[in-house]
Each structure stands twice: as C-alpha cells, then as structure tokens.
Amino acid sequence: MLLIVGTVRLPAHNLEPARPIMQRMAEASRAEDGCAEYSYAEDLFDPGLIHVKEMWRDQAALDRHFATSHLAEWRAAWPDLGIGERDLRVYDVEEPRAT
C-alpha cells in the first residue's frame, strides 16, 4: 500500500473557486481502481493550507492515476488558483493496526 501525505497552498481568497475543482478531483480519484482513500482538509489555523491524504493499492494504480484526465485538469487549474507551494511525500506502508 502507498500512502501519500502532504500539503498544497493557495491564497485563502481562492479557496471557494478551488472547492468544485478539488471536489471533482477527489470524487474521480476515489472512483479509480486501486484508490483506497483520497481526501483534502483545510488547515484550521493556516488559511489556504490544504492537507492531502491518499492511499493507493500499489505503484501501478498510482501510475494510472497520474495519467488521468482529472489529474491533468487539476494541475491545469493551479496557476489560476495560485497553487505554487506543494509538498507531498509517498510512503510504503503495511497493514494498518490500532493505536
């Protein structure tokens, strides 16, 4: 399993125009074969900071995701939304366990 976590930043005034694009991205990604989780969350204390969490079955599923039209649409929207700061990391993870 691959876990992707990190952040993207956009100007806080662009959050509302970003919502429908981000929603389409999340919904289309969640429908992909191999996607176990895909979510965005606004930081409560830092307006414009979006936390990203994704889980993918394997590298092949993630590679297919990178080739989708919804990802291309999302990336094409970045300049207009002012997304310039992006920090995402991929981790190989094993089976989950309770804490």
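Residues numbered from 1 in each chain as written. Predicted model: local features only at pLDDT ≥ 70, side-chain atom pairs only at ≥ 80, totals over all residues. Heavy atoms only, no water.

## Things to note about the environment of Phe-45
Rules: Secondary structure is summarised from DSSP: a helix means a run of H or I of at least four residues, a strand means a run of E of at least two, and numbering begins at the N terminus for each. Only protein chains enter the area calculation, which uses a 1.4 Å probe; residues under 20% of their type maximum are buried, those over 50% are exposed, and those in between are partly exposed.
You can see Phe-45 is positioned in the loop between β2 (35-42) and β3 (49-56). What makes Phe-45 exposed here is its relative accessible area of 76%. When the C-alpha positions of Phe-45 and Glu-85 are compared, they lie 17 Å apart, and in sequence the two are 40 residues distant.

## Re the nonpolar core
Which entries qualify depends on this criterion: Nine residue types can take part in a nonpolar core, namely buried Ala, Val, Leu, Ile, Met, Phe, Trp, Tyr and Cys, and a core is a set of them joined through side-chain atoms within 4.5 Å. It only takes one pair of heavy atoms within 4.5 Å for two residues to be counted as in contact.
Counting residues in hydrophobic clusters, the biggest one holds 23 residues, and the most contacted among them are Leu-10, Tyr-38, Ile-50, Trp-56, Trp-74, Leu-81 and Ile-83. Looking at this core, the elements that each hand over two or more residues are β1 (2-9), α1 (15-30), β2, β3, α2 (59-66) and α3 (69-81). Excluding residues within four positions of it along the chain, Trp-74 makes contact with Ile-21, Met-22, Met-25, Tyr-40, Leu-81 and Ile-83.

## With respect to the packing of aromatic side chains
Think of a pair of aromatic rings as described by two things: how far the centres are apart, and how the planes are tilted against each other in angle. Worth spelling out the cut-off: Pairing of aromatic side chains requires ring centres within 6.5 Å, counting the rings of Phe and Tyr and the six-membered ring of Trp. Pairs whose planes differ by under 30 degrees are stacked, by over 60 edge-to-face, and all others tilted.
Scanning all chains against the criterion turns up three aromatic pairs. Ring centres of Tyr-38 and Tyr-40 lie 5.5 Å apart, and the angle between their planes is 90°; this geometry places the pair in the edge-to-face category. Assessed through its relative accessible area of 4%, Tyr-38 is described here as buried. Relative to Trp-74, the ring of Tyr-40 lies with its centre 5.9 Å away and its plane at 50°, an arrangement referred to as tilted. With Tyr-40 in strand β2 and Trp-74 in helix α3, this residue pair connects regions lying 34 residues apart in the sequence. The structure contains a cluster of three or more aromatic residues connected by ring pairs, namely Tyr-38, Tyr-40, Trp-74 and Trp-78.

## Observations concerning the pairing of β2
For clarity, the cut-off: Strands were regarded as paired on the criterion that DSSP finds at least two bridges between them.
Sheet topology note: the β2/β3 ladder contains seven bridges and is antiparallel. Note that in β3 the partner of Tyr-38 across the bridge is Glu-54. The hairpin turn running from β2 into β3, its antiparallel successor, is six residues long, and Gly-48 in that turn takes a positive phi close to 95°.

The analysis is restricted to geometry; functional conclusions fall outside its scope.
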